[in-house]
Amino acid sequence: MTAAALLLFLTAGMSLAPLPTGVAVGMDISKLRQLARKNNVSCILVFGDSSVDPGNNNILPTRMKGNFPPYGLNFFGGRSTGRFSDGRLATDFIGEAIGYTKVIPGFLDPALKKADLPHGVSFASAASGYDDFTANLSSVISLRNQLKYFMHYKIHMGKLVGKKAAEEIIRSSVVVMSMGTNDFIQNYYLDQTRPSQYTIEEYQNFLITCMSSAIEVIHKLGTRKLVIVGVPPIGCMPLVRTLMDTTSCYEEYNRVSATFNSKIKHTLKALGPTLAMKTAYVDAYGIIQKAIDNPKKYGLIETSKGCCGTGTVEYGESCRGLSTCKDPTKYVFWDAVHPTEKMYKILANEAIASLATDLLS
């Protein structure tokens, strides 16, 4: 039984998620779903940080959580799920566009049902990074441990659908990896350990080695389609602007982001053929920078501060219970670090286009 046939069996009596509105500008979603079926795309599997964590941190002994208001203000039912935004994340929109689910659940979500496993999960953990030391600083799930959870996922899938079918579903999955920001703003620029060991360029190369090792692990575990999301323009985050006392983006941090992204793209180009993996790169830096430089094009207005509180320093715990702006859809940032659902939707457009062009064509 093929992965596609198995999914048809598992979803018997269910309908695909309705075609989303306003998710992918310039992309025919029905065509994307046809491509996904043609390529037997089974699910989305996610590794990363708060940009793709749907709430795995909720059960951890860490302050890096977003499972309280005003987070989730525009999520289904206004629920605070643990997503660091007012609504859904880019990976949720990708899952909806492919057609199997409107949200990608967290693997550690106590409400996760076994029947949900074949449609994809996220192993991501807010405040994590390519460097395991980054996760240790905040007591969250390191990339190494996210990969271990993936191994557990594979075992659970084997028990659910049989070993052979599980391997085929994993082989037909699309892996999304989105992290790296915390390695700089929560680690290198905040703690003295890594700067005492590496120059900034050496640290970037170290992170690339960590990323490459993780890619090799997921390849050995059976995945063959990979999307890497580059780091955003870190210097444009409201928190960074405030700390650096500048009204414009802090260019030194942006240069570091751009250089690191170049290294990611170069590595992907080399690893793809070596591992016989189809790979795609999502230019989060370019997308967010374009939105900041030309907000009207995207229906945005506020680009320099977040929607929560003053919008200049609050994120996570410091955002708890604060008042918010009237219309988050006009903002790039939800808090002083993380994008709004509107911005994540814009990011999803690019990811969906990359899926169609680089992975499914």
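Scroll up for the structure.
Scope of this entry: the structure provided in the associated data block.

Criteria and thresholds
- Residues numbered from 1 in each chain as written.
- Predicted model: local features only at pLDDT ≥ 70, side-chain atom pairs only at ≥ 80, totals over all residues.
- Heavy atoms only, no water.
- Disulfide = S-S within 2.5 Å.
- Helix = DSSP H or I, 4+ residues; strand = E, 2+ residues; numbered from the N terminus.
- Buried < 20%, exposed > 50% of the residue type's maximum accessible area, 1.4 Å probe, protein only.
- Axes fitted to C-alpha atoms, helices over the stretch in contact; angles between N-to-C directions.
- Parallel < 35°, antiparallel > 145°, perpendicular 65-115°, else oblique.
- Contact = heavy atoms within 4.5 Å.
- Nonpolar A, V, L, I, M, F, W, Y, C, P; charged D, E, K, R; others polar.
- Pairing = 2+ DSSP bridges.

### Points about the state of the cysteines
Thought 1: Inspection of every chain in the model, using the stated rule, returns 3 disulfides.
Thought 2: Between the sulfur atoms of Cys307 and its disulfide mate Cys325 the distance is 1.8 Å. Around the S-S axis, the bridge from Cys307 to Cys325 shows a dihedral of about -100° and counts as left-handed. With a gap of 18 residues between them, Cys307 in the loop between β6 (302-306) and β7 (331-333) and Cys325 in the loop between β6 and β7 connect regions that are remote in the sequence. When sorted by exposure, Cys307 lands in the same class as Cys325, which is buried.
Thought 3: Disulfide pairing is shown between Cys308 and Cys319; the S-S distance is 1.8 Å. The sign of the S-S torsion, about 135°, decides the handedness of the disulfide formed by Cys308 and Cys319: right-handed. Taken together, the residues span a long stretch of sequence, with Cys308 in the loop between β6 and β7 and Cys319 in the loop between β6 and β7 at a distance of 11 residues.

### What about the packing of helix α2 (residues 29-38) against helix α3 (residues 90-98)?
Thought 1: One can describe the packing of α2 onto α3 by two numbers: an axis separation of 8 Å at closest approach and a directional angle of 80°. With respect to their mutual orientation, α2 and α3 come out roughly perpendicular. Taking contact as the criterion, the partners of Ile29, Leu32, Arg33 and Ala36 in α2 are, on α3, Glu96, Ala97 and Ile98.
Thought 2: A per-class count over the contact of α2 with α3 returns 5 nonpolar, no polar and 2 charged.

### Points about the sheet that holds strand β2 (residues 120-122)
Thought 1: Ordered in space as β2-β1-β3-β4-β5, the 5 strands form an open sheet in which the pairing is parallel. Lying at the two open borders of the sheet, with one neighbouring strand each, are β2 and β5 (278-282). Looking at each pair of strands side by side, their axes are set apart by 15° on average, direction ignored.
Thought 2: Two strands pair when backbone bridges link them, and strand β1 (residues 44-48) and β2 are joined in this way by 3 bridges, in the parallel orientation. Note on β2: the bridge partner recorded for Ile44 is Gly120.

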